[in-house]
Amino acid sequence: SDPTCDTTINNVLGDLQRDAYPVVSTQRPARCTGTALQVAEALLGATVPPGSAAAHIMLFVGGPCTEGPGMVIGRDLTEEIRSHKDLAKDNAPYSMKARKFYRGLAGEMVSHCHALDVFACALDQTGLFEQRDLVQLTGGVCVQIDTFTHGVFKDSLRRVCAVEGEPGFLGASACA
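Parameters and conventions
- Residues numbered from 1 in each chain as written.
- Predicted model: local features only at pLDDT ≥ 70, side-chain atom pairs only at ≥ 80, totals over all residues.
- Heavy atoms only, no water.
- Helix = DSSP H or I, 4+ residues; strand = E, 2+ residues; numbered from the N terminus.
- Buried < 20%, exposed > 50% of the residue type's maximum accessible area, 1.4 Å probe, protein only.
- Contact = heavy atoms within 4.5 Å.
- Areas by Shrake-Rupley, 256 points an atom, 1.4 Å probe, with all protein chains shown as cover.
- Core = buried A, V, L, I, M, F, W, Y, C linked by side-chain atoms within 4.5 Å.
- Phe/Tyr/Trp six-rings, centres within 6.5 Å; stacked < 30°, edge-to-face > 60°.
- Axes fitted to C-alpha atoms, helices over the stretch in contact; angles between N-to-C directions.
- Parallel < 35°, antiparallel > 145°, perpendicular 65-115°, else oblique.
- Left-handed = near helix turned anticlockwise from the far one by under 90°.
- Nonpolar A, V, L, I, M, F, W, Y, C, P; charged D, E, K, R; others polar.
- Salt bridge = Lys/Arg side-chain N within 4 Å of Asp/Glu carboxyl O.

A. Focus on the overall build of the protein. Each helix and strand in the protein was counted, giving 6 helices and 3 strands. Secondary structure elements in the protein, listed N-terminal to C-terminal, are α-α-β-α-α-β-α-β-α. Among the 176 residues that make up the protein, the fraction classed as buried is 36%. In the protein, the proportion of contacts linking residues at least 24 apart, taken out of those at least 6 apart, comes to 70%. As displayed, the protein offers around 10,400 Å² of accessible surface, 57% of which is attributable to carbon and sulfur atoms.

B. Structural view of the nonpolar core. L37, Y102, L116, V118 and L134 are the most contacted members of the largest nonpolar core, which has 23 residues in total. Looking at this core, the elements that each hand over two or more residues are α2 (33-47), β1 (55-61), α4 (95-111), β2 (114-121) and α5 (128-136). Looking at this core, the element that brings in the most residues is α4, giving 6 residues. Not counting residues within four places of it along the chain, the set of residues in contact with V118 comprises L59, V61, L128, V135, V141, C142 and V143. Among the nonpolar cores identified, the runner-up in size contains 10 residues, and L13, F119, I145 and F153 belong to it.

C. Just the packing of aromatic side chains, in detail. Across all of its chains, the model carries 4 aromatic pairs by this definition. Judged by centre distance (6.2 Å) and plane angle (80°), the ring pair of F60 and F153 falls under edge-to-face. With a gap of 93 residues between them, F60 in strand β1 and F153 in helix α6 (residues 151-161) connect regions that are remote in the sequence. Where F119 meets F153, the ring centres are 5.6 Å apart and the plane angle is 90°; that geometry is what we call edge-to-face.

D. Representation of the packing of α2 against α4 within the structure. Two elements in contact, α2 and α4, have axes separated by 11 Å at closest approach and are oriented at 15°. Put simply, α2 runs roughly parallel to α4. Seen from above, α2 lies across α4 with left-handed handedness. Between α2 and α4, the contacting residues are T33, G34, L37, Q38 and E41 on the first element and F101, Y102, L105, E108 and M109 on the second. In terms of residue class, the contact of α2 with α4 is built from 5 nonpolar, 3 polar and 2 charged.

E. Here's a closer look at unusual backbone geometry. You will see that D90, though not glycine, has its phi angle at about 55°, which is positive. In this fold, D90 is placed in the loop between α3 (84-88) and α4. The backbone of C113 shows a phi angle near 65°, a positive value even though the residue is not glycine.

F. Region of interest: the pattern of salt bridges. Counted by the stated rule, this structure contains 5 salt bridges. When the shortest N-O distance is used, the salt bridge between R75 and E67 registers 3.9 Å. Where E130 meets R82, a salt bridge forms, and the shortest distance between an N and an O atom there is 2.7 Å. Taken together, the residues span a long stretch of sequence, with E130 in helix α5 and R82 in the loop between β1 and α3 at a distance of 48 residues. Note on accessibility: E130 and R82 belong to one class, buried.

Shown next as structure tokens:
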């Protein structure tokens with residue numbers, strides 16, 4: 001393992017701070033995950049010509065998307081996030097629309113040779129069910145753990161970012 005990589009990852013993680021924007025106690029934080037991924041894909045698509053090189057977008061998420069496209073739950077805490085039973089009974093009001101959105105975005109990413117890696121670190125659900133096509137169809141990796149400081153998270157991120165073979169190529173094949 002590269003000590004420079006370890007130091008950099010630990011410094012970045014150590015510098016992370018909670019969002020200072022106040023959240024009303026009866027609401028979830030505003031998270032526009034779908035919009036953020038759309039913007040990331042648009043920027044990457046505009047800067048790396050399609051077919052010229054493969055690329056990864058990394059999503060670090062700590063909660064469900066509560067705003068805009070890809071939304072899986074509203075902001076009001078009285079609204080319970082869907083359960084596995086709700087999904088099985090097709091009783092999850094946002095799920096179908098979110099899955100359709102993320103599937104369409106996955107198609108766009110595949111056409112540009114972009115992969116999505118998801119690092120979901122939360123004790124609550126983050127919407128991975130709806131986002132699964134983004135990972136599966138693009139050949140990305142998904143790591144789900146309870147905190148960004150956990151050793152599994154750090155080791156997985158280190159492996160995804162490891163350079164192997166020709167200089168400048170990520171060793172994503174080394175992922176566990």
